[in-house]
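# Structural overview
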Amino acid sequence: MKKLLGMSIACVMAFGVSAQDLSKIGKGKPFAITGNVGGGFSFYHSTETMYTQPPLAWNLYGNFNPTVYNFSFPFSFVLTQYSSSYTTPFAQFGISPTYKWIKLHLGYRTINMSPLVFGGQSFLGVGVELTPGKFRFAAFYGSLNKAISEDTTSGHLAQPQYGRIGYGFKVGYGTEANHIDLLCFHAKDDSGSIKLINQVAIIHPQENSVVGASFKLGFLHQKIIWTGDLAASALTRDLSSAKANRDTLTNGLDKLASRFITYRNSTSVSYAGQTQVFFYVKSFHTSIGYRRVQPDFNSLGVPYMLNDLQNFQWNGGLVLNRGRVNLTGSLNDQQTGISGREESKFNALTGSFNLGAMLSTHANLSVAFTTVNIGQSDGTAHLSDTVRRNEQVYNISMTPSINFGSVTAYSNLSLSLTWSMLNDQNPFTSPTDNSNTLTGMLAYSCSFTSKSISVTGSLLYNRYAQDTNTYSSAGFNVGLGGQLLKAKNLGFQLSAGYLVNHYTLAAVSNNITGSANLHYTFHKRHSLAAFFNLVTTPPTSSGVNLQQKVPYAVSTTNLAGGLSYNYSF
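Residues numbered from 1 in each chain as written. Predicted model: local features only at pLDDT ≥ 70, side-chain atom pairs only at ≥ 80, totals over all residues. Heavy atoms only, no water.

## Some thoughts on the overall build of the protein chain
Selection criterion: Labels follow the DSSP assignment, with helices taken as runs of H or I lasting at least four residues and strands as runs of E lasting at least two, numbered in each case from the N terminus. When accessible area is computed with a 1.4 Å probe and restricted to protein chains, residues below 20% of their type maximum are described as buried, those above 50% as exposed, and intermediate ones as partly exposed. What sets the accessible areas is the Shrake-Rupley method with a 1.4 Å probe; for residues, cover comes only from the shown protein chains.
A tally of regular secondary structure across the protein chain gives three helices and 29 strands. Taking all 569 residues of the protein chain together, 32% fall into the buried category. Within the structure as shown, the protein chain displays about 32500 Å² of accessible surface, and the carbon and sulfur contribution to it stands at 62%.

The structure is reproduced here in structure tokens:
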């Protein structure tokens, strides 16, 4: 009991309150609560060299949504066998009440202002969004990073990080369809918030200031839409570095930034921008876009961003024959390392074409084609021809399908064919890189609606060829599912499959798969669920170590199962 109590205290909990309209308070029930609680356990056994799942696992969970006059406070908890490994609980709580055009953010919240300035980053603090008429305003202040000191004694390794405080605001005019916004964001690490024990893991406190603008403009009754984002960032990567002399700065952008921030020797100023134009008519739409990010551009308000790149993009679509035929296509040209400051430059040109056609009331056809061209050129280093990348990847797939039958027995038959090829034009690496894959599947399903039963079956084939070596699989899979009992409250799903494998370099075994899933609901609010999965390859007679020849997952046995319970209220 004490151990369970300790786990409960250290459990991973997540609390959140979504945006609430305060104008509705007092118009609903004084108090109500809904949600669910439950738990379960599972087991896993495998002959793999490394387990991808724990042998035994259990969990308890709960989701609660109490409401007071339509004002809700949803929260949830999760308990697992791993909870006791955390030295401190992880808790989040946030609320975003609204009243007409006022929205207030308290606790753990997020405000998406711009993909280049502040977006996808949560904060612990306060924030506000105001939209009276066409005036647009948003602001926040709070903690962006919790201080995490280096710990070499607990055995629970964590990447150390400084505590970080940030704030930002957005001022704009317009509506969601047409607007212009100006943005500002600032973040600074607290250099005294943590202590570093291992000098190898030294990290530096940073400071970042970003200003930007975003816009969305519609023309000709929204048939043409133009969007764009611009940002300039000043990032100081080490607050302990010496201050720079403004007279020694040669770049105009650096000199301008030094008038507003403390410019240090580790400070870099850079910009980023993106724009896209959309065009819509009755049966045709297209868009063209461009994105440019300088090498050192970074915003601490955006969790992840690639820099030193430019990207051109085009998308288009056409609807024909009153919606029976849909055509879409795209081109994307991405170039990285264009500044020449990296060891090499990469260029990836991707193109795609898709066709979807309703051939008749009962027949459909889908065709897709994709190609990728990857090239590499010299940057700061000269690349040897033996390692320079020059590859093309082609992929084409076709899926015709037909449905037939009656209201009581509805059937579907489909054929899926996919062919892909990697063409390496580097003569030094092409013998081991060139490859092609052919995959095919013939699938059939039949639903007996009056009996709530369905059956499925499929024939499978896959062939992978590289150099003179070939690995192929052929087999079948069958399934049965439905709902039983008078109330249809007992559901089941059964499947079984068998694959015959062949490899040119060694004798390989065949695969057997099987699964069973059951779900039972009783007294309306209670439910039980159970599952069982098996994937196995019998041992070979040749004694060849397949793990040296083919992927290890092909020559293993994996067995998993579990039981769970849920109560809804």
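## Quick notes on the packing of aromatic side chains
As a reminder, the rule being used: Note on ring pairs: Phe, Tyr and Trp rings are taken, using the six-membered ring of Trp, and paired if centres are within 6.5 Å. Classes follow the plane angle, with under 30 degrees stacked, over 60 edge-to-face and the rest tilted.
Across all of its chains, the model carries 13 aromatic pairs by this definition. The interplanar angle of 25° and the centroid separation of 6.5 Å between the aromatic rings of Phe 140 and Phe 185 together place this pair among those described as stacked. Taken together, the residues span a long stretch of sequence, with Phe 140 in strand E10 (residues 135-145) and Phe 185 in strand E12 (residues 179-190) at a distance of 45 residues. Considered together, Phe 140 and Phe 185 belong to a single accessibility category, that of buried residues. Here a set of aromatic residues connected by ring pairs shows up, and it is made of Phe 64, Phe 77, Tyr 567 and Phe 569.

## Details of the environment of Trp 101
Residue placement: Trp 101 occurs in the loop between strand E7 (94-99) and strand E8 (102-110). Since its relative accessible area comes to 40%, Trp 101 is described here as partly exposed.

## Re the nonpolar core
Heads up, the rule is: For our purposes a nonpolar core is just a set of buried Ala, Val, Leu, Ile, Met, Phe, Trp, Tyr and Cys residues, chained together by side-chain atoms within 4.5 Å. Contacts: residue pairs with any heavy atoms within 4.5 Å of one another.
With 21 residues, the main nonpolar core has Met 113, Val 117, Phe 118, Phe 140, Leu 144 and Phe 185 as its most contacted residues. For this core, the secondary structure elements donating two or more residues are E10, E12 and strand E14 (224-236). The contacts of Phe 185, once residues within four sequence positions are left out, are Val 117, Phe 118, Phe 140, Leu 144, Tyr 167, Gly 168, Asn 208, Ser 209, Val 210, Ser 299, Leu 300 and Gly 301. Counting five residues, the second-largest nonpolar core is a separate cluster that includes Leu 249, Ala 257, Tyr 263 and Val 269.

## Considerations on the environment of Gly 212
In this structure, Gly 212 sits in strand E13 (residues 207-219). Residue classification places Gly 212 among the buried residues on the basis of a relative accessible area of 14%. When the C-alpha positions of Gly 212 and Phe 185 are compared, they lie 8.8 Å apart, and in sequence the two are 27 residues distant. Every residue in contact with Gly 212, bar those within four places of it in the chain, is listed here: Val 117, Asp 181, Leu 182, Leu 183, Leu 230 and Ala 231.

## Some words on the pattern of salt bridges
Using the following cut-off: Salt bridge, as used here: a side-chain nitrogen of Lys or Arg that lies within 4 Å of a carboxyl oxygen of Asp or Glu.
On inspection of all chains with the given rule, the structure shows seven salt bridges. A salt bridge links Asp 181 to Arg 136, with the shortest nitrogen-to-oxygen separation between them at 3.0 Å. Note that Asp 181 is positioned in strand E12 and Arg 136 in strand E10, a separation of 45 residues in sequence. Notably, a salt bridge pairs Arg 388 with Asp 385, separated by 3.7 Å at the nearest N-O pair. Each of Arg 136, Glu 176 and Asp 181 takes part in salt bridges that share partners, so that together they form one network.

## Regarding the pairing of E14
Test applied: Two strands make a pair as long as DSSP finds a minimum of two bridges between them.
Pairing of E13 with E14, which is carried by 13 bridges, proceeds in the antiparallel orientation. Bridge pairing links Val 211 to Ala 232 in E14. The turn linking E13 back onto E14 is made up of four residues, and Leu 220 within it adopts a positive phi angle of 55°. As paired strands, E14 and strand E15 (residues 267-280) are joined by 13 bridges and run antiparallel to one another. When the sheet's bridge partners are listed, Ser 233 is paired in E15 with Ser 270.

## Here's the deal with the confidence of the model for the protein chain
What counts here: pLDDT expresses how confident the predictor is about each individual residue, on a scale running from 0 to 100.
Within the protein chain, residue pLDDT values average 86, and 87% of them lie at 70 or more. Across residues 1-18, where pLDDT falls below 50, the model places 46 contacts with residues more than four positions away in sequence or in other chains. Counting contacts from residues 541-553, a segment whose pLDDT is below 50, to residues more than four positions away or on other chains yields 16 contacts.

## A closer look at the side chain of Asp 333
To keep things clear, this is the line we draw: Think of a polar contact as two N or O atoms within 3.5 Å of one another; within protein, one of them needs to be a possible hydrogen donor and the other a possible acceptor, and neighboring residues in sequence only count if both atoms come from side chains.
Positionally, Asp 333 belongs in strand E18 (residues 325-336). Here Asn 347 takes part through its side chain, which lies 2.7 Å from a polar atom of the side chain of Asp 333. Apart from residues no more than four positions distant in its own chain, Asp 333 is found in contact with Gln 310, Asn 311, Phe 312, Asn 347, Ala 348 and Leu 349.

## What to know about the pairing of E12
Pairing geometry for strand E11 (residues 163-174) and E12, over twelve bridges, is antiparallel. Each residue of the ladder has a partner; that of Gly 174, found in E12, is His 179. Between E11 and E12, which pair antiparallel in sequence order, lie four residues. Pairing geometry for E12 and E13, over ten bridges, is antiparallel. For His 186, the partnering residue across the bridge sits in E13 and is Ser 209.

## Remarks on unusual backbone geometry
Phi at Asp 308 is positive, roughly 55°, even though this residue is not glycine. Here Asp 308 shows up in the loop between strand E16 (284-293) and strand E17 (309-320). Residue classification places Asp 308 among the buried positions, given a relative accessible area of 2%. Despite not being glycine, Arg 322 shows a phi value in the positive range, around 55°. Of the residues examined, Arg 322 reaches a relative accessible area of 83% and is grouped as exposed.

## Things to note about the side chain of Glu 391
Mapped onto the elements of the fold, Glu 391 is located in strand E21 (residues 390-405). Polar side-chain contacts of Glu 391 include one of 3.0 Å to the side chain of Arg 389. Those residues in contact with Glu 391, other than ones at most four positions away along the chain, are Val 372, Asn 373, Ile 374, Leu 422, Asn 423, Asp 424 and Asp 433.

## Re the environment of Asn 462
For Asn 462, the position within the fold is in strand E24 (residues 453-466). With 24 residues separating them along the chain, Asn 462 and Leu 438 place their C-alpha atoms 5.7 Å apart. In this structure Asn 462 touches Thr 437, Leu 438, Thr 439, Tyr 471, Ser 472 and Ser 473, once residues within four positions along its chain are discounted.

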